[in-house]
Amino acid sequence: MCRKVKDVKKEEINRLLEKYAHVIDGKIEFNIHKISNFKNLVIPTLAQQFKEQSVLVRYFCLFSNCIPHKKSYSTRQKYVQHLCLKHAHQLPGQGLFLLNNDHNIQFGGFRCEKCNRLFRRKDHLQSHISNVCTKEKKSRKFKKNNVVENDNELNETILLDESFGSCRLIDISLDESSVICLDD
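Computed from a predicted model, the values in this text were never measured in an experiment.

**Some details on the overall build of the protein chain**
Stage number 1. Check the secondary structure of the protein chain and you find five helices and nine strands.
Stage number 2. The N-to-C order of helical and strand elements in the protein chain reads α-α-α-β-β-α-β-β-α-β-β-β-β-β.
Stage number 3. A buried classification covers 28% of the 184 residues belonging to the protein chain.
Stage number 4. Within the protein chain, contacts between residues separated by at least 24 positions form 29% of all contacts whose residues are at least 6 apart in sequence.
Stage number 5. Of the roughly 13,500 Å² of accessible surface on the protein chain, a fraction of 50% belongs to carbon and sulfur atoms.

Here it is in structure tokens:
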């Protein structure tokens, strides 16, 4: 015979409670509030994979700061990553036991070796490296005594010679090719 969705969900909750019994028993961290958050907010969401097939399965975050924004995730992996990034301080053991060898996230994040910027996910770091850090920044370059400035919108280069070295205020007209020292 066919089982009801409610029965299947209860069975899945019981299976998850058994699977994570070491967490609930306080073997990772004995903080009653964190264990309660995990048991009451995370496990019911993880068990929601058994819905009617006509309904799109989404993993909704049940933490109080995410409910008003109706945060939901299409896959269990994205939901678990969200938990470990945004709610780690509210879960036992930072929630890292949920990752199951997901190398996209690690405690402390991933640091770019070129610009020292910190990313929470490895795929975000890889995207940053391929899109930002490999391209040279062309905003300002210095050559000998001449200053070269690049205007990104117009892609024009303006060379300032040594006579403008003593000026503190310079007016550069982009319509005409003129540079005026306003200190005089």
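**Thoughts on the side chain of E12**
Stage number 1. For E12, the location among the structural elements is in helix α1 (residues 5-19).
Stage number 2. E12 gets classed as buried once you look at its relative accessible area, which sits at 7%.
Stage number 3. A polar contact of 2.8 Å, which involves the side chain of E12, links it to the side chain of R15.

**Remarks on the nonpolar core**
Stage number 1. Core analysis: the biggest nonpolar cluster contains 23 residues, and F38, V42, Y79 and L98 have the highest contact counts within it.
Stage number 2. Elements with a contribution of two residues or more to this core: α3 (32-46) and α4 (76-86).
Stage number 3. No other element matches the five residues that α3 contributes to this core.
Stage number 4. Residues contacting L98, with those up to four places away along its chain left out, are Y20, F38, V42, L46, R76, V80 and L83.

**Overview of the packing of aromatic side chains**
Stage number 1. Counted according to the given criterion, the structure contains five aromatic pairs.
Stage number 2. Their ring planes at 90° and their centres at 5.4 Å tell us that Y20 and F38 sit as a pair that is edge-to-face. Taken together, the residues Y20 in the loop between α1 and α2 (21-24) and F38 in helix α3 connect sequence positions 18 residues apart.
Stage number 3. A ring pair is formed by Y20 and F97, whose centres lie 5.7 Å apart and whose planes are at 65°; its orientation type is edge-to-face. A residue pair is termed long-range when its members are at least 10 positions apart, and Y20 in the loop between α1 and α2 and F97 in the loop between α4 and β3 (105-111) qualify at 77 residues.
Stage number 4. According to the relative accessible area criterion, F97 is buried, its value standing at 19%.

**What to know about α3**
Stage number 1. Along its 15 residues, α3 runs 20 Å from first to last C-alpha, staying within 8% of the 21 Å computed at 1.5 Å per residue.
Stage number 2. By the largest-angle criterion, F38 marks the main kink of α3, which is about 25°.
Stage number 3. Turning to α3, its buried residues number three or more, namely K34, I35, F38, L41, V42, I43, T45 and L46.
Stage number 4. Capping the start of α3, N31 holds a side-chain oxygen 3.0 Å from the backbone nitrogen of H33, two or three residues further along.

Criteria and thresholds
- Residues numbered from 1 in each chain as written.
- Predicted model: local features only at pLDDT ≥ 70, side-chain atom pairs only at ≥ 80, totals over all residues.
- Heavy atoms only, no water.
- Helix = DSSP H or I, 4+ residues; strand = E, 2+ residues; numbered from the N terminus.
- Buried < 20%, exposed > 50% of the residue type's maximum accessible area, 1.4 Å probe, protein only.
- Contact = heavy atoms within 4.5 Å.
- Areas by Shrake-Rupley, 256 points an atom, 1.4 Å probe, with all protein chains shown as cover.
- Polar contact = N/O pair within 3.5 Å; in protein donor to acceptor, adjacent residues only side chain to side chain.
- Core = buried A, V, L, I, M, F, W, Y, C linked by side-chain atoms within 4.5 Å.
- Phe/Tyr/Trp six-rings, centres within 6.5 Å; stacked < 30°, edge-to-face > 60°.
- Expected span 1.5 Å × (residues − 1).
- Bend = angle between axes of the 7 residues up to and from the residue.

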